[in-house]
Structures are given as C-alpha cells and as structure tokens.
Amino acid sequence: MSYKEMNKEARLLRMQLREWSILVLPVLIAASVVVAFAPPLWMGVTITSLCAFVPVAVRLHGALRTLRTQAAQHLEFTRHVIDVIPQPVYVKDMDSRYLVVNRAFADELDLTHEQIVGRTTAEIARSAQDAQRSREEDLTVLRGRTIFEERHDRHPNGGERHRLIMKGSCFDVDGGSVLVGANFDLSNWWITEQTLQSTLQREREHHRDTLAFVQRVIDLIPHPVYVKDATSRYLMVNQAMVREKGLPSGNLLGRMGLSPEATAELMRQHFEEDGAVLAGDSVFREVHEIDADSGKESFRIISKGSCLDANGEQVIVGAHVDVTELRGAERSLKQSLENEVVLRERTQAFIQRLIDVIPDPVFIKKAGGHYQMVNEAFAKYRNVDKLTFKRFDLNAVSADPDNRQLTASEDEQVLAGAEIDKEDHTVRQSTGEEIFRIICKRRSIYVDGDPVVVGIEHHITRWRIAERELKAVLEREMAQRLRTERFVQDLIDVIPDPVYIKGADGNYLIVNDAFARLLQQPRQNLIGLTAKELAADPESAATSALEDKLVIEGKEILKEQHSQLPVTGEECFRIVCKRRCVSVDGAPVVVGIDHYITEWRLAERELKRLAEEDALTGIANRRHFNLEAQRSISQALRHGQELSLVLFDIDHFKHINDTYGHNVGDEVLREVASRMHDCFRKSDLPGRWGGEEFIALLPHTSLEAATQVAERLRARLADQPFATSAGDIAVTLSGGGTQLLKADTLESLVARADAALYRAKSNGRNRIEVSQLGTDYAEA
C-alpha cells in the first residue's frame, strides 16, 4: 500500500471514529441513566444494548493504534528518503519550528539532527538578519503564496554562491499546515550559464560579420547573384541583381521576386527548377529572350546549385551571366572564323600542354588584363578550373582594387618593353595561408599577332617560412622576458581596480593604471617606492608591512575596509585582497588588488531605507513598525520592562481632502509626521499605520508618561495651524494609549489602543484617551 493510500485510509478511519463517537456517546450516557434509575426489568435490556457497541469501540481503538504505529514508521521512512537528497530540505510547523530536516541541511548549519528539530529558525540562524528574513518568508508562505527565487549571497565558508530558494505549504496527515523548503546550490550552473552566454554572443557577432563579408563579396561580382531558401524566397541578393530587377533589395528579400505578369507556365518552371536543385541537381542553362517592345535579343546563362547555410539549412545559390554581347559577336564572326578555328585550337592545345609541364604557375594575358591561357599549376594555385580564366579579365582573379591597379600598371610596362622581376608576399583570405613568390613578366607575341604578357610565379614559400622560423627562434629567447613583463603590465592595466605587485622587501615592482590614477602620480614614479612612503599615516604603513610579511609566509589577506576621503569626506568601501605569488625570476612577491564597492554599499543602504520608511512621510511604514514593535514587545516581556503604545488619528481628515484636495492632505500628513519626530524621543518608534492613522511605540515607558508625550503632540497640533499651499489650516488629532501586559501581543496592544482612540473620537475628538481595564482589556 502506498503512503498516499495509507493517508487516505487513515482519514477515513478518523471520520468513522468521529461518527461512531457521535452515536456511541449518547447511547452510553443514556445507558448509565437507565442503570442508575430504571427498574431491574429494563436493566437487562440496557446492558445487552451496551454490549453490542463494545466490539465496535475495541476495533476502532485497535485501528487507531495501528495507524499511529504506521505514521511513526512512515515518518522515519520519510527522514531516510530526504537524507538521500544532496541539497538542504526541511519541514517546519506554523511557528517556524523544524519538524524534519535532512542530512544536507544539518551539515550546512554544522549542527546535528537533534540540535535542529524542535527549535525555531531564530534559535539556530547564523544572524538576526537571516532569522528575520526566514520568518518573513514563512509568514508569506502561510498566507498562501509560494516562494521560488534565485538568491546571490556569500557562502558561510567564503566565496560567492547562487542558490534557488523554494518554500511552500501543504497539509500533514492530521490536516494541519506545514512549511516545506529546499535550497539548491546553483553556483556551478550559474558560472556555466555566464560562460555560455558570452560564447553565444561572440558566435552571433561572428555570424553577423561573416554574413556582412559575404554580402560585400557578392556585391563585387558584376553579374546578378542571389541566395534563396527552400521556399524560393530571396535571402541575399547582390547589387547587380538589384539593378536587374529594378527594385530595392528590401522589396526582394523575403519574397519570390516574380513579376505580376509572370505566367503560370513560367511559375511552374521556376518552382520545379528550384525543387530539382534542392533535391541535389544543378542548373546551368542559357536563356534566349526577345523584348516584345524593342525586339532586342538578350542571352543569359542561368546557374543554380544548392548548399547548406551557417544554420545547416539547405539554400539555393544562383547567378545570371549576361552573354548577349558574346553571343552577338559569336554570331557575326562565326562564318569568318570557321577556317581558323581548327588551327587555333591545335596551336593553343600545344601551348597549353607546353606550359602545363612547368611546375610553377604560368599565365598569358593580353592588354587590358584578359587572361588567354593559364597552366594547371596556376589554376591549382587559384583553386579553380583553368578554363574559368579564359576570356576573363583581371577582375575575375583579384577582388582587391589596389592589387588590380598594380597588376594593370605592370602589364602596361611589360607590353611597352619592360621586364618585371619582383618578390611578392600575399595571404589567402579563405585559409590565411602565407605565400611568397618571385614574379617574372616578359613581353611576347601571341598566335594571333597581338602582344601579350607572359608571366611565371616561382613559389619560394617553404624557404621564406623556414628562414622566418629560424629568425624567430633566435629572437624569441632574447625578447621572452620583455614580452612577459609587457603582458603582465597590459593584463593588470585592463583591471579597473588598483592592482600592485610588491617584492618581499615591500618595494612596488609593478602597478597598474588604476593604482597610479588613485595616487595621482605617473606609474613610473611609483616603481621602487614602499608602502611607508605612500601611506597616508604611519599606522596604515605598519599594517600594510605586517600584511605583506604574512602573505610572503603563505597567508591570504581578504578584508573589507570603510573609510572617508580626507578632502571631500566621501565614504569609501573597498575589499582588499593580497596573495602570495612567484615572479618570473622565482622570487616570492605580494599581489594585491583593492576592489572598490562603494556604490553597491551605498545602494544597499538606500534600499534598506526605502524598505523601512513610509514613502510620503519619511517615518516608519507599517511593515517596518510591525517588525520593530514585535521585537521590542518580546524584549520587554522577556525582561519585565514597561512599554506603551499610542494610536493617533487626524480629526476630520476626509473633510480636509474634500475641501482642499489630496495634495494639501499629503502636506498635512507630512507635517504631522514632522511634529511627531519633534515630540518623541530617539528611542521611541513613530510610524504611519495607514491613511490618516499614526502610531507610536514607547519602550521603557509607563502609560502615564506615554499619555503626557501624546498630550504634548496633540497640543502642538491644536495650537499651531498648518502652513499649506492652500493657506493655514487648523488640524487636530485624537489618540488612544495602552500599556503592555504579560500575555500581550502587538495585535492585542493595537486593539486596546484602537478602542481608546474610538472613545476619544466619541467624546468629542482632539483628546487623548487611555485603555480601561474594565472594557478595553476585555475587548482585546
């Protein structure tokens, strides 16, 4: 039987017990009466009826004893189960007393199971702040809410930690409410998440830069080029494609790019062709079109293929090459060149075979940079088919404008009779490979009688790289120390907090820019000085020297310091960290860093103030007043001290709001709070209870003394009109006071004070009444 089923059975048996009790108890009472007063004739009948219920009661009592045994066994089993959980888990009652805790929870507090169970959070918490926060969370959960939050704090053993705090409530087997909580340490996951987020951001930036580079590359291609997704929608187009379509790129991207006049047949062919490409085929066809208006012919080569994009999605890559001029020239010259074709092809084939034997890249160009012939070594070096270079100019080889201009200038010089012999060093953009070449160019006459440039590129990359590596090895050892020192300096200069490295004798060896800016001196002036020469006072210098000595011996210094700047008086918070390290020459050094946390500490202080003060009046808000009042009441009850509480209410405040407006009403509330500050002691706690109600807690004060203070505040309001933006306004208030009794809580104190306040209002307002034992105490 499962634990859930046993709980269900236990509840059913308890219900049966209650039902039988309702039936059996009246019968037993009636039987007793009959036995005592009825005649003997009826006594036998009564005893017989009573005996009929005895087996039922015995059976129910046995079932109850069995359930109690099973409940104890299940509680012990539950303890063993949660001990397996590696993270702290606990169960508390409505008074925040621990009922069940697992081993991880006890280990975290460094206590035993027996030292925790039965005690409250306040009794075992490491600090009053932790206890207060835990109790607030317990109250929140008991009000029906669930706590599920990530918390960043410092580990009790040092260092930062990130935890997932979960608290909720449920019913135990007796139907009572209990609190169930768990703390999960997420530090490792948090650090991993930060690292992955940084890596993901870098990858996204790299992907964006790559797409921009690809766009710039295809924009240099003079023919229309595009990339489409699997639904035939444009993902990328170059400038030539934009010009061909006559539409801005924004009107093409994300669309199919078909004109409204496209026929059904054309659309069918378009989609079938794209589908075939996505299936693995490639398209390379020539299109012949005649303009309907002008009758002008045009020839284009349509090329389509598919590949995977950076996301692994299949895309279509296409290009349109306009060959109209070539086709026209071909048509006009075809007849006249038929006799020369065979001879030229044989000649060119011979020349091609001849230069293919040469192991270094060889090329033949005409004026204007048009390649006529390249050998296999040249095509292999450019990583394309050698036939691709035929009838293409220099733009098809180099995308660099400067390189094209230099090459064109050299070709002109060679065609004019000059000879070019030079060494060239380039880096391939695709692979980053370095290439060293000796380039030789000479003038010659081509088979058609035109002057051409014949060039050869003698690759000497292996020798140049070997020479460079040998030189680098010789220089590396000489510059190793300088590079190391420069790296260390650059490394610590990146750190925004002051960082310094001192030798065992206390002299500063290295300081970063932040340290120099802090002392307002050039960095080079600080090298070689000691802490004694830079410290603001001898005591600080002695402390620094002692810490340096301890660090050299192997101890780590980690502390927080709070100080004020001597000139401006500004508060300064910093975390000083010093550790031992070994320098490049093997000597022990002290590495220190001052981490300034002033803005965080000031922000914490401001957040605490905002959480405790009423936003309108600046005095304690109701939440803060409740916490402080409960603490003061507990202390007064523990030590038998006097304590009084007074509740105030502004008379006819609704009339003020209705007559002068809520802004004037806010001015009145702020002035009442200001006069409360003037009338009460520093040890008293004034607060805004809500609306026009104010409250004050007076520790170590009898009811008589508290009444005098309240009367002084009432008189000050009544005697001095309030200066507001609507003019002077007469304001009075009524109050009710009471004094702490032994069995009191904050709620009972407030209830008696409220009863006295109600009596003050009923008796004419503008007066102070105190609680009366005969009435108010009974009502509370």
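Residues numbered from 1 in each chain as written. Predicted model: local features only at pLDDT ≥ 70, side-chain atom pairs only at ≥ 80, totals over all residues. Heavy atoms only, no water.

*Asks:* How would you summarise the overall build of the protein if you had to cite specific residues and measurements?
*Replies:* Along the protein, the regular secondary structure elements total 25 helices and 27 strands. Contacts in the protein between residues far apart in sequence, at least 24 positions, make up 45% of those at least 6 positions apart. Surface accessibility of the protein: about 48,300 Å² in total, with carbon and sulfur atoms responsible for 56%. (Helix = DSSP H or I, 4+ residues; strand = E, 2+ residues; numbered from the N terminus. Contact = heavy atoms within 4.5 Å. Areas by Shrake-Rupley, 256 points an atom, 1.4 Å probe, with all protein chains shown as cover.)

*Asks:* Which residues make up the packing of aromatic side chains, and what values go with them?
*Replies:* For the structure on display, the rule yields 12 aromatic pairs. Here the aromatic rings of Tyr90 and Tyr98 are separated by 5.8 Å at their centres, their planes lie at 80°, and the arrangement is edge-to-face. Of the two residues examined, Tyr90 and Tyr98, each falls in the buried class. A ring pair is formed by Tyr90 and Phe105, whose centres lie 5.1 Å apart and whose planes are at 50°; its orientation type is tilted. (Phe/Tyr/Trp six-rings, centres within 6.5 Å; stacked < 30°, edge-to-face > 60°. Buried < 20%, exposed > 50% of the residue type's maximum accessible area, 1.4 Å probe, protein only.)

*Asks:* I'd love a proper account of the sheet that holds strand β13 (residues 420-427), names of residues and values included.
*Replies:* Read across the sheet, 5 strands follow the order β12-β11-β15-β14-β13 without closing on themselves; strand pairing throughout is antiparallel. Strand pairing shows two members of the sheet lacking a second neighbour, β12 (371-374) and β13, which therefore form its edges. Averaged over all adjacent pairs, the angle separating strand axes in this sheet is 25°, with direction ignored. The sheet contact formed by strand β14 (residues 434-445) and strand β15 (residues 451-459) spans 9 bridges and is antiparallel. When the sheet's bridge partners are listed, Arg443 is paired in β15 with Val453. Together, β11 (362-366), β13, β14 and β15 form the strand contacts of helix α13 (residues 401-415), whose direction differs from that of β14 by roughly 35°. (Pairing = 2+ DSSP bridges. Axes fitted to C-alpha atoms, helices over the stretch in contact; angles between N-to-C directions.)

*Asks:* Before we move on, can you summarise a nonpolar patch on the surface with the specific residues and values?
*Replies:* On the surface, Phe213, Val214 and Val217 cluster together into a nonpolar patch covering about 220 Å² of accessible area. Among the structural elements, Val214 can be located in helix α7 (residues 187-219). (Patch = residues over 30% accessible without salt bridge, like charges linked within 9 Å, V, L, I, M, F, W, Y side chains within 5 Å. Salt bridge = Lys/Arg side-chain N within 4 Å of Asp/Glu carboxyl O.)

*Asks:* Lay out the pattern of salt bridges in plain terms, naming residues and giving numbers.
*Replies:* One pass over the structure, following the stated rule, counts 51 salt bridges. With a closest N to O distance of 2.6 Å, Asp490 and Arg486 form a salt bridge. Of the two residues, Asp490 and Arg486 both sit in helix α14 (residues 461-494), 4 residues apart, roughly one turn of that helix. Relative accessible area serves as the criterion here: at 38%, Asp490 is assigned to the partly exposed category. For Arg486, a relative accessible area of 42% translates into the label partly exposed.

*Asks:* So what about the nonpolar core? Which residues, and what values?
*Replies:* Of all hydrophobic cores here, the largest spans 27 residues; its most connected members are Phe648, Phe680 and Phe694. Going through the elements one at a time, β21 (643-650), α21 (653-660), α22 (662-679), β23 (693-699) and α23 (703-719) are the ones with two or more residues in this core. With 7 residues, the single largest contributor to this core is α22. One finds Phe625, Ile633, Leu685 and Leu697 within the second-largest nonpolar core, a separate group that totals 18 residues. (Core = buried A, V, L, I, M, F, W, Y, C linked by side-chain atoms within 4.5 Å.)

*Asks:* Summarise the pairing of β23; cite the residues concerned and give the values.
*Replies:* Among the 7 residues of β23, 6 are classified as buried, and the element is accordingly described as predominantly covered. One ladder, built from 7 bridges, connects β21 with β23; its direction is antiparallel. The residue of β23 that forms the bridge with Leu645 is Leu697. Linkage of strand β22 (residues 685-690) to β23, two consecutive antiparallel strands, is achieved through a turn of 2 residues, within which Gly691 is found at a positive phi near 60°.

*Asks:* Give me helix α6 (residues 128-142): which residues, what numbers.
*Replies:* With 15 residues, α6 should reach 21 Å at 1.5 Å per residue; the first-to-last C-alpha distance of 21 Å fits that figure. When α6 is considered as a whole, its buried residues turn out to be Ala131, Ser134, Glu137, Asp138, Thr140 and Val141. On its buried face, α6 sits against β1 (89-92), α5 (121-124), β3 (147-154), β4 (160-171) and β5 (177-185). Where α6 terminates, the next one or two residues include Gly144, which has phi positive at roughly 105°. (Expected span 1.5 Å × (residues − 1).)

*Asks:* Outline the packing of helix α20 (residues 622-639) against helix α24 (residues 746-762), supporting the account with residue identities and numerical values.
*Replies:* The N-to-C vectors of α20 and α24 enclose an angle of 105°; their axes lie 10 Å apart at closest approach. Comparing their axes, α24 and α20 come out roughly perpendicular. Residues Asn626, Ala629, Gln630 and Ile633 of α20 pack against Leu746, Glu747 and Leu749 of α24. Here the residues of the contact of α20 with α24 sort into 4 nonpolar, 2 polar and 1 charged. (Parallel < 35°, antiparallel > 145°, perpendicular 65-115°, else oblique. Nonpolar A, V, L, I, M, F, W, Y, C, P; charged D, E, K, R; others polar.)

*Asks:* Break down the pairing of β5 for me, citing the residues and quoting the values.
*Replies:* Where β1 and β5 come together, 4 bridges link them in antiparallel fashion. Within β5, the position partnered with Val89 by the bridge is Ala182.

*Asks:* Explain the sheet that holds strand β18 (residues 557-564) residue by residue, including any values.
*Replies:* If you trace the 5 strands from one edge of the open sheet to the other, you get β17-β16-β20-β19-β18, paired in antiparallel fashion. The open sheet has two edge strands with one neighbour each: β17 (508-511) and β18. For this sheet the average axis-to-axis angle between neighbouring strands, irrespective of direction, equals 25°. With 8 bridges connecting them, β18 and strand β19 (residues 571-582) associate as antiparallel partners. Its bridge partner being in β19, Lys559 is matched across the sheet by Val576. Of the strands in this sheet, β16 (499-503), β18, β19 and β20 (588-596) touch helix α18 (residues 538-552), which is tilted by about 35° from β19.

*Asks:* Hey, could you go over α21 for me, with residue numbers and the actual values?
*Replies:* Buried residues of α21: Phe653, Ile656 and Asn657, and no others. Buried residues along α21 cover an arc of 95° about the axis, so they all sit on one side. Structural note: α21 exposes Lys654, His655 and Asp658 on the side pointing more than 90 degrees away from its buried face. One or two residues past the end of α21 sits Gly661, with phi positive at roughly 100°. (Arc of directions from axis to C-beta.)

*Asks:* How would you summarise the environment of Thr347 if you had to cite specific residues and measurements?
*Replies:* With respect to the helices and strands, the residue Thr347 is situated in helix α11 (residues 324-356). For Thr347, a relative accessible area of 26% puts it in the partly exposed group. When the C-alpha positions of Thr347 and Val447 are compared, they lie 7.7 Å apart, and in sequence the two are 100 residues distant.

*Asks:* So what about the side chain of Lys366? Which residues, and what values?
*Replies:* Along the polypeptide, Lys366 turns up in strand β11. On the basis of relative accessible area, Lys366 is assigned to the buried category, the value being 16%. Reaching out from Lys366, the side chain makes a polar contact with the side chain of Asp450 at a distance of 3.0 Å. Apart from residues lying up to four places away in sequence, Lys366 is in contact with Gln372, Tyr446, Asp448, Asp450, Pro451 and Val452. (Polar contact = N/O pair within 3.5 Å; in protein donor to acceptor, adjacent residues only side chain to side chain.)

From the geometry alone we can't say anything about function, so treat these as descriptive.
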